[in-house]
Amino acid sequence: MLKSIRNSGTHKMLAFAALIVIYIFFAIAGNNFTSVSTTLNILASSYYVGFLALGVTFVIITGGIDLSIGAVMMCSALVGGQLYRNVGLPIWAVLIAMIAFGTLIGWVNGLLVTKLKLPPFIATLGMMMVSLGLGSIITGTSTKNFPTILEPDGWFSRVFFRTESGFPMGVVYLIIFFIFTFIILNKTKIGRYIYAIGSNEEAVRLSGIKVNVWKGLAFVISGFAAGLGSIFYAATYTVIIPNTGNGIELQAIAAVVIGGTSLSGGKGSLTGTMIGVFIMSILKNGLISMNLPAPFQTFFTGIVVLGAVLIDVYRNKKANKVKKLS
Amino acid sequence: MSELLLNMEGVEKYFPGVHALKKCCFDLRKGEVHALVGENGAGKSTLMKVLTGIFIPESGQITLESKCVNFKSPRQAQLAGISIVHQELNLMNHLTAAQNIFIGRESDGLFLNEKSINDKTLELFKKLNIKLDPEEKVGNLSVSHQQMIEIAKAISYDAKIIIFDEPTATLTDVEIEELFKIMNELKSQGVGMVYISHRMDEIKKISDRVTVLRDGEYIGTEDSAKVKIDDIIHMMVGRITYEEHKKISDNKEKPPVVLKVENMSSKDVNNVSFELHKGEILGFAGLIGAGRTELARLIFGADKKTTGEIYLDGKKVNVKSPHDAVRLGIGYLSEDRKRYGLSLGMSVANNIVMPNLDEYITAGIISEKKIKKIASEYVDKINIKTPSVGQLVKNLSGGNQQKVIIAKWLLKNSDILIFDEPTRGIDVGAKSEIYKIINKLAKSGKSIIIISSELPELLRMSDRVLVMCEGTHTATLELDQINQNTIMKYATQH
């Protein structure tokens, strides 16, 4: 047991240490960085990226990639807005439809990759553009509004965004979702096969396991997470504008990579992904507290991603050396 | 005679360009070890992959315990009680030993039970006398330990039939003894086993019957206790006689040294020195993992050396990258030609001129005409069977693909050619041709190194043989010392 902690834990420890270091840095260098409102902002700006990142971690561990998550989340939010404003569905039904929509796209991604044998990069790039276009087509490129706190359905915002006292509710759901996905990935067969496929797909197939089912399921989980993320995006912003939200998927994938999940598959953890998500939102709010504009955030996120990958490559090299000697 | 467990008849299997199994048949009795032998490419592994549902045959009948079966997937074969230890390791390096062994059988429900599979694995290890931690990640284990995990996995299915596809290639003597003990134990339990191996002494020792395949055809079945090893080899090789290499005679003075390697070391190679003469064929012998390929890659500059010097024609040279090696006239023909040697989706002509492309460019434009002309010349010269030089390499047979690589290096005018497993996966006829080409090259003054895991190939071709074991150079055998026993002795010396 100790051994397995030692094997998989080092990167997470490093990422966690980086999180602390970055936090302390901004606590000293930023204005009011440790204040309650900034802390709440850090938590609030981690939700929807957090959902996407947790979901896409499953796909990345199988050795695949899902580029569609950002566009699917936006499209799902637009579909929800359309159903709420134009079709007049009650808000609870709209929320279920949003999750169902994301899951459906995830399922299609899975089919494209497993049955039609498309490379995941191409399949999900295609579905990203399909979702992007679909969002505009369905809404007629018009902005969709979700109920704000003041409207009759305002409970939606209080339950999924902020309580009246200002507590960021999304974080609670993110943690629940984290625990849920953590159990799936670490305690069930689904997770075991997802790791196994990423490690050596052919070996899994030769062990008599239906690789397509489990690989497809990883995409379904990723799509489900994108659908779930759309609820929190809608609750946070309430105004959904078609053709926005570009690059959210890349933020999510960056968080996964910072958390130590290998893009070549077989290796990774959801705890790492959560740390990655918080590193990114601390970075974002920290730079704001230093009065630096948004492009700096992008710039430094890039640096952190490169650093995380470099550490991983270096550690793998070292681990191989040790193996050869013993 | 015990009852028949399995019968395969009239099995036909085609791959693009290859008729892999021709009306092949095989049978297996309860509590029997049935050896399956044949040269590489004879169809042993293909036949077993048909039996385990990995390949689906074009036609043929398989009866298991007098019931007709038709496996469409590995899963179905597994459920019917057939398990296999694959020749190439099929493990998930990121998972633990226990997780690997019980993949697909973790628990009845959705949730995992690590303790239960760890306990079961420990029990299995005890039974098989394997001293490993079930929670160790497989990627951290040595190749021979990984092989033991594969064997443990196959046995753990409580199978009626277990197929061992060259299980001993990476095992030490002690581990082989242990495996044979396990096999005898399984025999007494009535398990039928198929044993694929190139090692004749093992076949005599462990098997009850031996079946020979050649070129995808069934040749015959003999009683292992009675049949002579020479007869088996004769059945394997058949009428085809390979051209013998005209060896450099000993009484004449040896031709000059063209390549001298001194104290070459890296993480896989331990202080190796040797010389290569002009027009000589030097064999590199050793078991898998002995460091032969690694040594070749060091000479070629593909990996980083820790110490060592290379002299070409007596002059010290500095080979830091494959680019340097090619410039100095060293060519390396990789063991994995599809991965490192060829651009499969490109034409024969484009593959041949690849390293020399600069010479066929005028004013920045590639001259297709010149390329076609020179490629045609080489296609004729070494007899590459292709409808045209425009044919895509992926449509050629393995033997002809190998010839394309040879043409590529000839055009580059390399004086030293390193062939790494030159005939792996090539059928018998094409093999003979590759040997002819190599002999012709040596005669014309090229110096050649052949790395091969097939001893008969080294015995047939080499003027001298350098034997390695676990990264160390254990012997250099002169022409009169080259024989199977001596090579094996030095290859297993620690």
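Coordinates for the structure precede this section.
Computed from a predicted structure; not experimentally measured.

S.K.: I keep staring at the overall build of chain A and nothing clicks. Help me out?
M.R.: The secondary structure content of chain A amounts to 14 helices and two strands. Seen through its C-alpha atoms, chain A measures out along the principal axes to roughly 65 × 55 × 30 Å. When each of the 326 residues of chain A is scored for burial, the buried share is 53%. Within chain A, counting contacts between residues at least 6 apart in sequence, those at least 24 apart form 76% of the total. In the form shown here, chain A has an accessible surface area of approximately 14,300 Å², with 71% of it arising from carbon and sulfur atoms. Positive and negative charge centroids in chain A, built from 23 and 8 side chains respectively, lie 15 Å apart.

S.K.: How should I be thinking about the overall build of chain B in this particular structure?
M.R.: The number of helices and strands found in chain B is 17 helices and 22 strands. Its C-alpha atoms give chain B a radius of gyration of 24 Å, within 12% of the compact-globule value 23 Å for 494 residues. Principal axes of the C-alpha set define a box for chain B whose edges measure 70 × 50 × 45 Å. Put simply, chain B has 494 residues, and 54% of those count as buried.

S.K.: Is there a simple way to think about the sheet that holds strand β12 (residues 272-277) of chain B in this case?
M.R.: Paired through their backbone hydrogen bonds, the strands of a sheet run either parallel or antiparallel. Residues and elements named next belong to chain B. Strand order in this open sheet of four strands is β12-β11-β14-β15, and the pairing throughout is antiparallel. Of all the strands in the sheet, just β12 and β15 (315-317) have a single pairing partner and so form its edges. Strand-to-strand, the axes of this sheet are offset by a mean angle of 20 degrees, without reference to chain direction. Relative to the sheet, helix α9 (residues 292-299) contacts β11 (257-265), β12 and β14 (307-312), its axis offset from that of β11 by approximately 115 degrees.

S.K.: What's the story with the packing of aromatic side chains in this structure? I'm lost.
M.R.: Aromatic ring pairs: the centre-centre distance and the angle between the two ring planes describe each pair. Following the criterion strictly, the structure yields 23 aromatic pairs over all chains and no others. With a centroid separation of 5.5 Å and 85 degrees between ring planes, the pair formed by F160 of chain A and F232 of chain A is classed as edge-to-face. Here F232 of chain A lies in helix α11 (residues 211-237) and F160 of chain A lies in helix α7 (residues 155-160), a separation of 72 residues in the sequence. A relative accessible area of 13% means that F160 of chain A is categorised as buried. For the pair F180 of chain B and Y195 of chain B, a centre-to-centre distance of 6.1 Å together with 70 degrees between the ring planes defines the contact as edge-to-face. With F180 of chain B in helix α6 (residues 173-188) and Y195 of chain B in strand β8 (residues 192-196), this pair connects stretches of sequence that are 15 residues apart. For F180 of chain B, a relative accessible area of 5% gives the class buried. Through a chain of ring-to-ring contacts, the aromatic side chains of Y47, F51, F146, F156, F160, Y173, F177, F180, F224 and F232 of chain A assemble into a single cluster. Looking at R105 of chain B, its charged tip hangs above the ring of Y157 of chain B, at a distance of 3.8 Å from the centre. Here the basic side chain of K260 of chain B rests over the ring of Y311 of chain B, its NZ or CZ set 5.3 Å away from the ring centre.

S.K.: Please explain the interface of chain B and chain A as it appears in this structure.
M.R.: Each partner contributes to the interface: chain B provides 34 residues, whereas chain A provides 28 residues. Each partner contributes to the roughly 2,500 Å² buried at the junction of chain B and chain A, and carbon and sulfur atoms together form 55% of this total. Where chain B packs against chain A, one counts one salt bridge. One salt bridge connects R192 of chain A with E114 of chain B, and the closest N-O pair in it is separated by 2.3 Å.

S.K.: Looking at this structure, how should I read helix α13 (residues 270-289) of chain A?
M.R.: An α-helix turns once per 3.6 residues; consequently, residues spaced three or four apart project the same way. Residue and element names in this part refer to chain A. Relative to the 28 Å expected for 20 residues at 1.5 Å per residue, α13 spans 28 Å between its end C-alpha atoms, a close match to the ideal helical length. With 16 of its 20 residues buried, α13 lies for the most part within the structure. Sitting at the amino-terminal end of α13 is S269, which places a side-chain oxygen 3.0 Å from the backbone nitrogen of G272.

S.K.: What is the right way to read unusual backbone geometry from this model?
M.R.: Apart from glycine, the bulk of residues carry a negative phi angle, and the bulk of peptide bonds sit in the trans form. Despite not being glycine, N32 of chain A has its phi angle at roughly 55 degrees, a positive value. One non-glycine residue with positive phi stands out, namely D313 of chain B, at about 50 degrees. In this fold, D313 of chain B is placed in the loop between β14 and β15.

S.K.: Just checking my understanding: could you explain the pairing of β11 of chain B for this structure?
M.R.: On a regular strand, each side chain points to the face opposite its neighbour's, so the side chains alternate between the two faces of the sheet. All names here are of chain B. Sheet topology note: the β11/β12 ladder contains five bridges and is antiparallel. Following the sheet pairing, L259 is matched in β12 by L276. Taking the residues that link successive antiparallel strands as the turn, the β11-β12 hairpin has six residues, and the phi of N271 there is positive, at about 55 degrees. Direction of pairing for β11 relative to β14: antiparallel, over a ladder of five bridges. Within the sheet, the bridge partner assigned to V261 lies in β14 and is I310.

S.K.: Hey, could you run me through the packing of helix α3 (residues 47-61) of chain A against helix α12 (residues 248-258) of chain A in this one?
M.R.: Geometrically, a packed helix pair is captured by the angle between its two axes and the distance between the axes. All names here are of chain A. Two elements in contact, α3 and α12, have axes whose closest approach is 8 Å; the angle formed by their N-to-C orientations is 65 degrees. You can see that α3 and α12 cross each other, and the crossing is right-handed. Contacts between α3 and α12 involve Y48, V49, L52, A53, V56, T57 and I60 from the former and I248, Q251, A252, I253, A255 and V256 from the latter. For the contact of α3 with α12, the per-class residue count stands at 11 nonpolar, two polar and no charged.

Quick notes on the rules
Residues numbered from 1 in each chain as written. Chains lettered and ligands numbered in written order. Predicted model: local features only at pLDDT ≥ 70, side-chain atom pairs only at ≥ 80, totals over all residues. Heavy atoms only, no water. Helix = DSSP H or I, 4+ residues; strand = E, 2+ residues; numbered from the N terminus. Buried < 20%, exposed > 50% of the residue type's maximum accessible area, 1.4 Å probe, protein only. Contact = heavy atoms within 4.5 Å. Areas by Shrake-Rupley, 256 points an atom, 1.4 Å probe, with all protein chains shown as cover. Lys, Arg positive; Asp, Glu negative; His and termini not counted. Charge placed at Lys NZ, Arg CZ, Asp CG, Glu CD. Rg over C-alpha atoms; globule rule 2.2 N^0.38 Å. Pairing = 2+ DSSP bridges. Axes fitted to C-alpha atoms, helices over the stretch in contact; angles between N-to-C directions. Phe/Tyr/Trp six-rings, centres within 6.5 Å; stacked < 30°, edge-to-face > 60°. Lys NZ or Arg CZ within 6 Å of the ring centre and 35° of its normal. Buried area = accessible area lost by both parts, 1.4 Å probe. Salt bridge = Lys/Arg side-chain N within 4 Å of Asp/Glu carboxyl O. Expected span 1.5 Å × (residues − 1). Polar contact = N/O pair within 3.5 Å; in protein donor to acceptor, adjacent residues only side chain to side chain. Left-handed = near helix turned anticlockwise from the far one by under 90°. Nonpolar A, V, L, I, M, F, W, Y, C, P; charged D, E, K, R; others polar.

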